[in-house]
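Chain by chain, the residues run as shown.
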Amino acid sequence: MSILYKRKAVVVLLIFSVILSMLPCKDLAAKKKKKMKFNKTKITMKVGEDKYLKIKNNTKPKSVKWSTSNKKVVYFDSKSEQDCWLVAKKAGTARITAKIGKVKLTCKVTVKKSRNTNRNGNSTVNSIPSPAPVTNPTVTPAVPTPAPSSEPNIKDNWNTLKNYILTQGYTAKDGSRGINKKIENFDYLINYYAAEQLYKFSCVQEVNGSTSAIGILQMQINENNLANASLTYDLVFKSNTLYGGCTATASVPATNENTQFSWTIIKGNIGAAQISNLANKSFAVAYTGWDILLMGTVGNNLSMEKLGFLPSPN
């Protein structure tokens, strides 16, 4: 194991301790009772997409029972006492139900075909054909060809990552292929969606104890636009009603673990400054973990920097 690899693993744990110190330890002030309901009663998705569904004003979080009327159309990627993430698998309709004691909440989900689906409405995964060897005719006089570059370019490195994921990775519930590595309370994942030509970098952070929470940071990069990325961050506290979510965009050549993003708050009751600060700290952890995952799993000295991200300071 290289010194750089060990150093990055230590950095992950140090940043993790900083995040713990920033988490609020007290519940929000008690509010008047309000009727429990979903934040949405109707959701429209495309095959391969994921959507967030939350129970508002839940006073009995430990008694929630989730169900879907059609697992072939939409299924749960994750679910908790307060919310869930839905993944669209096949075109059709389904009804998501949450039972809390005698209360029954429902949400109608309509899944539409994406651009890359087969006749059954399922997302397709395109195989990568091996190029046939090209036989060059003999030319007289012979023209010397320039020696190939010994250093692969950024596109070559992305292809190396894709080929490794497709041939050595696992198959996820949503049909994508992926690789992952778990360090302490963090799970780092890189998934490739062949039909959408999309890379999704994820970091799931779980904090247990007196302050119990789960944070999910994701970065999506389209294979046809490797210079730009979209970010999302979600944080939910299991012990109370605190939650938050935000989004940001990133320029890959200008991004490393020290980048401070300007986040747009999309939901929640955590202060904008606090959720933005937590999102930036979490990205630093995620970026470092993805670097460790690339170096320790894919090999060939592959790293975030070799995928076109800003070199890290020494």
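Residues numbered from 1 in each chain as written. Predicted model: local features only at pLDDT ≥ 70, side-chain atom pairs only at ≥ 80, totals over all residues. Heavy atoms only, no water.

1. Brief notes about the layout of surface pockets
Considered as a void within the structure, the largest pocket measures approximately 780 Å³ in volume. Every residue lining the largest pocket is counted, 37 residues in all, and those nearest its centre are Asp77, Ser78, Val204, Ile216 and Gln218. Per-element accounting of the lining of the largest pocket gives the leading share, five residues, to strand β11 (residues 186-193). Of the residues in the lining of the largest pocket, the class split is 13 nonpolar, 11 polar and 13 charged. (1 Å grid on protein atoms, 1.4 Å probe; cavity = no way out; pocket = protein on both sides within 12 Å on 5 of 7 lines; lining within 4 Å. Points joined across faces, edges and corners; volume = space filled by probe spheres on them. Helix = DSSP H or I, 4+ residues; strand = E, 2+ residues; numbered from the N terminus. Nonpolar A, V, L, I, M, F, W, Y, C, P; charged D, E, K, R; others polar.)

2. A closer look at the confidence of the model for the protein chain
Here the protein chain averages 80 in pLDDT, while 75% of its residues score no lower than 70. Of the regions scoring below 50 in pLDDT, residues 25-31 engages in eight contacts with residues more than four places distant in sequence or in other chains. Taken together, the stretch residues 124-132 has pLDDT below 50 and engages in 11 contacts with residues farther than four places along the chain or on a different chain. (pLDDT = per-residue confidence, 0-100. Contact = heavy atoms within 4.5 Å.)

3. Quick notes on the pattern of salt bridges
Tallied over the entire structure, the rule returns three salt bridges. The salt bridge partner of Lys162 is Glu223, with a shortest N-O separation of 2.5 Å. Within this pair, whereas Lys162 is found in helix α2 (residues 154-168), its partner Glu223 is found in the loop between β13 (213-222) and β14 (225-237), the two being separated by 61 residues in sequence. Accessibility expressed as a relative area gives 7% for Glu223, which makes it buried. Between Asp234 and Lys267 there is a salt bridge whose closest N-O contact spans 2.7 Å. (Salt bridge = Lys/Arg side-chain N within 4 Å of Asp/Glu carboxyl O. Buried < 20%, exposed > 50% of the residue type's maximum accessible area, 1.4 Å probe, protein only.)

4. Notes on the side chain of Ser202
Along the chain, Ser202 falls in strand β12 (residues 198-207). Here the side chain of Ser202 touches Gln218 through a polar contact of 3.3 Å, side chain to side chain. Residues within four places of Ser202 in sequence aside, it is in contact with Asp187, Tyr188, Leu189, Leu217, Gln218 and Trp290. (Polar contact = N/O pair within 3.5 Å; in protein donor to acceptor, adjacent residues only side chain to side chain.)

5. Points about α2
Taking 1.5 Å per residue as the helical rise, α2 with its 15 residues ought to reach 21 Å, and the 21 Å between its terminal C-alpha atoms agrees with that figure. Among the residues of α2, Asn157, Trp158, Leu161, Lys162 and Ile165 are the ones counted as buried. Burial along α2 is one-sided: seen end-on, the buried residues are contained in an arc of 140°. Exposed and oriented more than 90 degrees from the buried face of α2 are Thr167 and Gln168. Along its buried surface, α2 packs onto β10 (177-183), β11, β12, β13, β14 and α3 (272-298). (Expected span 1.5 Å × (residues − 1). Arc of directions from axis to C-beta.)

6. Description of a positive patch on the surface
Positive charge collects at one region of the surface, where Lys42, Lys65, Arg95, Lys99, Lys104 and Lys108 lie side by side. Every element with two or more residues in the positive patch is listed here: β7 (92-100) and β8 (103-112). Residue position: Lys108 is located in strand β8. (Patch = residues over 30% accessible without salt bridge, like charges linked within 9 Å, V, L, I, M, F, W, Y side chains within 5 Å. Areas by Shrake-Rupley, 256 points an atom, 1.4 Å probe, with all protein chains shown as cover. Lys, Arg positive; Asp, Glu negative; His and termini not counted. Charge placed at Lys NZ, Arg CZ, Asp CG, Glu CD.)

7. Description of the pairing of β8
Sheet topology note: the strand β2 (residues 42-46)/β8 ladder contains five bridges and is parallel. Counted as the bridge partner of Thr44 is Thr110 from β8. Pairing of β7 with β8, which is carried by nine bridges, proceeds in the antiparallel orientation. Within the sheet, the bridge partner assigned to Ala98 lies in β8 and is Leu105. The turn joining β7 and β8, which pair antiparallel and follow one another in sequence, is formed by two residues; a positive phi near 65° is taken by Gly101. (Pairing = 2+ DSSP bridges.)

8. Description of the nonpolar core
Within the largest apolar cluster, 47 residues are counted, with the highest numbers of intra-cluster contacts made by Leu161, Phe201, Met219 and Trp290. Counting only elements with at least two residues in this core, the list comes to α2, β10, β11, β12, β13, β14, β15 (243-251) and α3. Tallying contributions element by element places α3 first for this core, with 12 residues. Look past the residues within four positions of Phe201 in its chain and what remains in contact with it is Trp158, Leu161, Leu189, Ile190, Leu217, Gln218, Met219, Ile221, Trp290, Met304 and Leu307. With 23 residues, the next largest nonpolar core counts Ile43, Val73, Ile96 and Leu105 among its residues. (Core = buried A, V, L, I, M, F, W, Y, C linked by side-chain atoms within 4.5 Å.)

9. A short note on the sheet that holds strand β6 (residues 83-88)
In spatial order, the strands read β1-β3-β6-β5; together these four strands make up an open sheet with antiparallel pairing. Unpaired on one side and paired on the other, β1 (37-38) and β5 (74-79) mark the two borders of the sheet.

10. Here we look at the side chain of Thr259
Considering the arrangement of structural elements, one finds Thr259 in the loop between β15 and β16 (264-268). Polar side-chain contacts of Thr259 include one of 2.9 Å to the backbone nitrogen of Asn256. Setting aside chain neighbours within four positions, we find Thr259 in contact with Ala254 and Asn280.

11. Comments concerning the environment of Asn185
Looking at the secondary structure, you find Asn185 in the loop between β10 and β11. Remark: the alpha-carbon pair of Asn185 and Glu206, spanning 21 residues in sequence, is separated by 5.4 Å.

12. Structural notes on the sheet that holds strand β9 (residues 170-171)
In space, the eight strands of this open sheet follow the order β9-β10-β11-β12-β13-β14-β15-β16, with antiparallel pairing throughout. Across the chains shown, the open sheet's two edge strands, defined by having one partner strand only, are β9 and β16. Sheet strands touched by α2: β9, β10, β11, β12, β13 and β14. Its angle to β10, the strand with the most contacts, is close to 90°. Running over the sheet, α3 touches β10, β11, β12, β13, β14, β15 and β16 and is turned about 70° from β11. (Axes fitted to C-alpha atoms, helices over the stretch in contact; angles between N-to-C directions.)

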